[in-house]
Amino acid sequence: MELEGYSINLETISKSGMEEMKKLLVYLKDYKKESILAPLFKMLEATFELLVPLVVASIIDVGIGNGDRAYIIKMCLLMVVLGIIGLVCSVTAQFYAAKAAVGFATRLRHGLFAHIQSLSFAEIDTIGTSTMITRMTSDINQVQSGVNLVLRLFLRSPFIVFGAMIMAFTVDVKAAFVFVGAIPLLSIVVFGIMLISIPLYKKVQEALDKVLLHTRENLTGVRVIRAFGMEETEREQFAESNLFLLKMQKYVGKISALMNPVTYVIINGAVIALIWIGGVRVYEGVITQGQVVALVSYMSQILVELIKLANLIITVTKAIACGNRIQAVFEIENSLKEATEEQKETKTSGPQILFENVGLTYPGNSEESLADIDFAVCKGETVGVIGGTGSGKTSLVHLIPRFYDVTRGRILINGRDVKDYPMKELRKQIAIVLQKSVLFSGTIRENLLWGRAEATEEELGEALRISQAQEFVEKKEKGLETFLSQGGKNLSGGQRQRLAIARALVKKPEILIMDDSASALDFATDAALRKALLEMKNKPTVFIVSQRAASVQQADKIIVLEDGRIVGMGTHKELLQDCEVYQEIYYSQVEKNDGKGGR
């Protein structure tokens, strides 16, 4: 985990880094007024602040020099008025800046979430869950802070710096050349450190991604970790990734920390020069003591503003790095091209679903996961898909709702290529129950209504009956109003699977895909579920993916997969006669179940 030798391409950062960040500013378009008023009021505040040293100079030279108390009181009241006006301007600017920054972050978060939702499974698998969470939370918060500070200080601080230099020239030209020498040096320090820090902050965020990934895996897999006694190993791995994050933060922190001491040295050197030159000029009678105080005050203002500017640069540097990471997600295009044409008339005389020489290669893989898949399914048929682990069962059924696109061949539904369907129209016909049952926090009723929001009580009850979930739901004290924790953790695995099946049935789909969704059910419940599905009114076309031969043996057609290829297709009896792979699966399970086969 060496940090030394890390190379930095300043040209790439200055061009591409800022360009990527600019693309996100489109989310500020609805806050144009706030984005103008915030820096405007800050500029007004700065203007009044630049007048204060001149007032102080007048108090010293006129009021104190002449012993004029009335003049001193009048000037002090003027300073109070300037302070109050500046305060009002500052508060107003803070309000508009905060409103714009929070609104920007809200819209950006909505936009990023919508974009992530639009991506296919292939892109989501590539990005990774922990990375997307970091983008949605930490990165957007950092960008929000950057926008807030930019609106408040980006114009104000440079305005004070150069305004103080100009005001110094109105006091004394010779002394003002100290400002001319100091400000370019300060600019080189500030912007030089910024250019060096931007790529390093990006590395810090990437290290944070790894820490979050490790944390998420440990929290979700805590039972497995403890079951295998791997707590110490996981602690060591977490400590290693956390230590790398610490080293990166310390490394970039050391570079950023140079800003304040270096600027202090330059400013204090300039103050010493001002006092020396000012003293000589006062002795020569060219300027007054009050004017020297004004010059030193202007230099002090520059010091304060540069400290603010240094903090701004650090925050903006982080914001740019985080903004680039967010934009990188926006630039990931969905590999599934959306059909724009409206639904056309579809023929119904042929098979409802047709696979023609279908092949599937996942991104990054050189070999096909599915190859030469050909079969047809008529409306209302029940199709079983069986095979060993990694045979391609899930990949096959995921092609029907177009979670992934085929890399060769085509899939037709009602005589029309799935790629020609608008995505909503295609998926409206299909309900899928995944291997891992996913329920959401809320009541059982709310989860079921995901299938179809307008479903009646009778339809909900029918779905629960067919899915074999009615009995345990009725035993709950609140029935359908029973609250489910996140992921349905307060239910057993079998109960979650049955509710997921009920939710799919509520949708009343034309095609129902059950992807190993009864794996947690006992044989009796599984058999009752299959029987209820067969007896349904307006029965949909059903795909049952399973590793249990008993779950698919009553299907009208069984597809046997091995290494992504169809090695057998037919009824249970036909496959027992001429498919070795199916025979091996079936007889191994019959023996395990003492010859019952789960019937």
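Notes on the structure in this doc start here. Keep in mind the model is a prediction, meaning the values are calculated, not measured.

In this section: helix α9 (residues 231–257). If you check α9, its first and last C-alpha atoms are 37 Å apart, about what 27 residues at 1.5 Å a residue would give, namely 39 Å. As for α9, its buried residues are in contact with α7 (173–220), α8 (222–227), α10 (259–283) and α11 (289–330).

Okay, the packing of aromatic side chains next. In the structure shown here, the tally under the stated rule is 9 aromatic pairs. Between Phe-440 and Trp-450, the aromatic rings sit 4.3 Å apart at their centres with planes inclined by 10 degrees, giving stacked as the arrangement. Remark: Trp-450 occurs in the loop between α14 (444–448) and α15 (457–466) and Phe-440 occurs in the loop between β6 (430–433) and β7 (442–443); sequence separation between them is 10 residues. A centroid spacing of 6.4 Å and a plane angle of 10 degrees characterise the contact between Tyr-582 and Tyr-586, whose relative ring orientation is stacked. Of this pair, Tyr-582 and Tyr-586 are both found in helix α21 (residues 580–592), 4 residues apart, which corresponds to roughly one turn of the helix.

This part is about the packing of helix α2 (residues 32–66) against helix α3 (residues 69–118). With their axes 8 Å apart at the nearest point, α2 and α3 run at an angle of 165 degrees to one another. Viewed along their axes, α2 and α3 adopt a mutual orientation that is roughly antiparallel. Once α2 is placed against α3, the crossing between them reads as left-handed. The class makeup of the residues in the contact of α2 with α3 is 25 nonpolar, 7 polar and 4 charged.

Right, let's talk about the side chain of Lys-557 for a bit. Positionally, Lys-557 belongs in strand β11 (residues 557–562). One buried charged side chain, Lys-557, makes no salt bridge at all; its nearest oppositely charged neighbour is Glu-381, positioned 4.1 Å away. For Lys-557, the side chain forms a polar contact with the main-chain oxygen of Ala-376, separated by 2.3 Å.

Definitions and limits used
Residues numbered from 1 in each chain as written. Predicted model: local features only at pLDDT ≥ 70, side-chain atom pairs only at ≥ 80, totals over all residues. Heavy atoms only, no water. Helix = DSSP H or I, 4+ residues; strand = E, 2+ residues; numbered from the N terminus. Expected span 1.5 Å × (residues − 1). Contact = heavy atoms within 4.5 Å. Phe/Tyr/Trp six-rings, centres within 6.5 Å; stacked < 30°, edge-to-face > 60°. Axes fitted to C-alpha atoms, helices over the stretch in contact; angles between N-to-C directions. Parallel < 35°, antiparallel > 145°, perpendicular 65-115°, else oblique. Left-handed = near helix turned anticlockwise from the far one by under 90°. Nonpolar A, V, L, I, M, F, W, Y, C, P; charged D, E, K, R; others polar. Buried < 20%, exposed > 50% of the residue type's maximum accessible area, 1.4 Å probe, protein only. Lys, Arg positive; Asp, Glu negative; His and termini not counted. Salt bridge = Lys/Arg side-chain N within 4 Å of Asp/Glu carboxyl O. Polar contact = N/O pair within 3.5 Å; in protein donor to acceptor, adjacent residues only side chain to side chain.

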